[in-house]
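Below, each chain spelled out in residue letters.
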Amino acid sequence: MPISDPLRSPIYETGTLIQACDACSWMQRGHRSELSHCPLCGVELRAPLAIQFGGLAVMKRAYNFEVFDREFRRVVLEDADLPEIIQFLCRHTKDTRTGTPLNDIEKPRRVAKRRHFQDHFFASE
């Protein structure tokens, strides 16, 4: 069955989220639901943020998305094309989500903030 509403749940079951605060030193990876505000200083969290699955990472920039593989080759998904990309993906993807995050993967943890956000992809720290 195609995904009817990709926004129906704030929970990510298997991906590793990575978020950072522009106003302070807070950065975290491994949480299962996007945080809207920094837990350290309370500032609204904005792009960049990312989600990583094994050998793939998707990063949200201010407007575009960048998709990275393990060798850090990247593809840019342009903002103007996103509605049709999302429509295509939703129409042709089987929804296998259960609504329950998996517990056998990375737990949320603070990480040292680095100059380049993508340095946190595929990190084994």
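### Here's the deal with the nonpolar core
Thinking step 1. Among the nonpolar cores identified, the biggest contains 11 residues, and these are Ile18, Ala20, Met27, Ala50, Ala57, Met59, Phe68, Val111, Phe117, Phe121 and Phe122.
Thinking step 2. Mapped by element, the contributors of at least two residues to this core are strand 1 (16–20) and strand 4 (56–60).
Thinking step 3. Apart from the residues within four sequence positions on either side, Ala57 is in contact with Ile51, Gln52, Glu66, Val67, Phe68, Phe121 and Phe122.

### As for the confidence of the model for the protein
Thinking step 1. When pLDDT is averaged along the protein, the result is 87; 88% of the residues meet or exceed 70.
Thinking step 2. Confidence, expressed as mean pLDDT per element, reaches its minimum in the protein at strand 7 (residues 109–110) with 88 and its maximum at strand 6 (residues 74–77) with 97.

### What about the packing of aromatic side chains?
Thinking step 1. This structure, assessed with the given rule, holds five aromatic pairs.
Thinking step 2. Taking 5.8 Å as the distance between ring centres and 75 degrees as the angle between the ring planes, the aromatic pair formed by Phe72 and Phe122 counts as edge-to-face. Remark: Phe122 occurs in the segment after strand 7 and Phe72 occurs in the loop between strand 5 (65–69) and strand 6; sequence separation between them is 50 residues.
Thinking step 3. Residues Phe121 and Phe122 carry aromatic rings whose centres are separated by 6.4 Å and whose planes lie at 75 degrees to one another, so their mutual orientation is edge-to-face. Per residue, the accessibility class of Phe121 equals that of Phe122, and both read buried.

### Here we look at the pairing of strand 3 (residues 49–53)
Thinking step 1. In terms of burial, strand 3 is largely enclosed, as four of its five residues are buried.
Thinking step 2. Hairpin connection, strand 3 to strand 4: the antiparallel pair is bridged by two residues, and Gly54 has positive phi, about 50 degrees.

Calculation notes
Every chain is numbered on its own, with residues counted from 1 as its sequence reads. Only residues with pLDDT of at least 70 are given local features in this predicted model, and only at 80 or more are side-chain atom pairs given and counted; all residues enter the totals for whole chains, interfaces and linings. Just so you know, side-chain values use all the structure's heavy atoms and leave hydrogens and water out. Throughout, nonpolar core names a set of buried Ala, Val, Leu, Ile, Met, Phe, Trp, Tyr and Cys residues whose side chains join them through atoms within 4.5 Å. Buried, partly exposed and exposed residues are distinguished by accessible area as a fraction of the type maximum, computed with a 1.4 Å probe on protein chains only: under 20%, between the cut-offs, and over 50%, respectively. A run of H or I in DSSP becomes a helix once it reaches four residues, and a run of E becomes a strand once it reaches two; helices and strands are each numbered from the N terminus. We call two residues in contact whenever any of their non-hydrogen atoms come within 4.5 Å of each other. Scored from 0 to 100, pLDDT reflects the predictor's confidence in each residue. Here a pair means two rings of Phe, Tyr or Trp (six-membered ring of Trp) with centres within 6.5 Å. Their orientation is stacked below 30 degrees between planes, edge-to-face above 60, and tilted elsewhere. By this definition, two strands are paired if DSSP reports at least two bridges between them.

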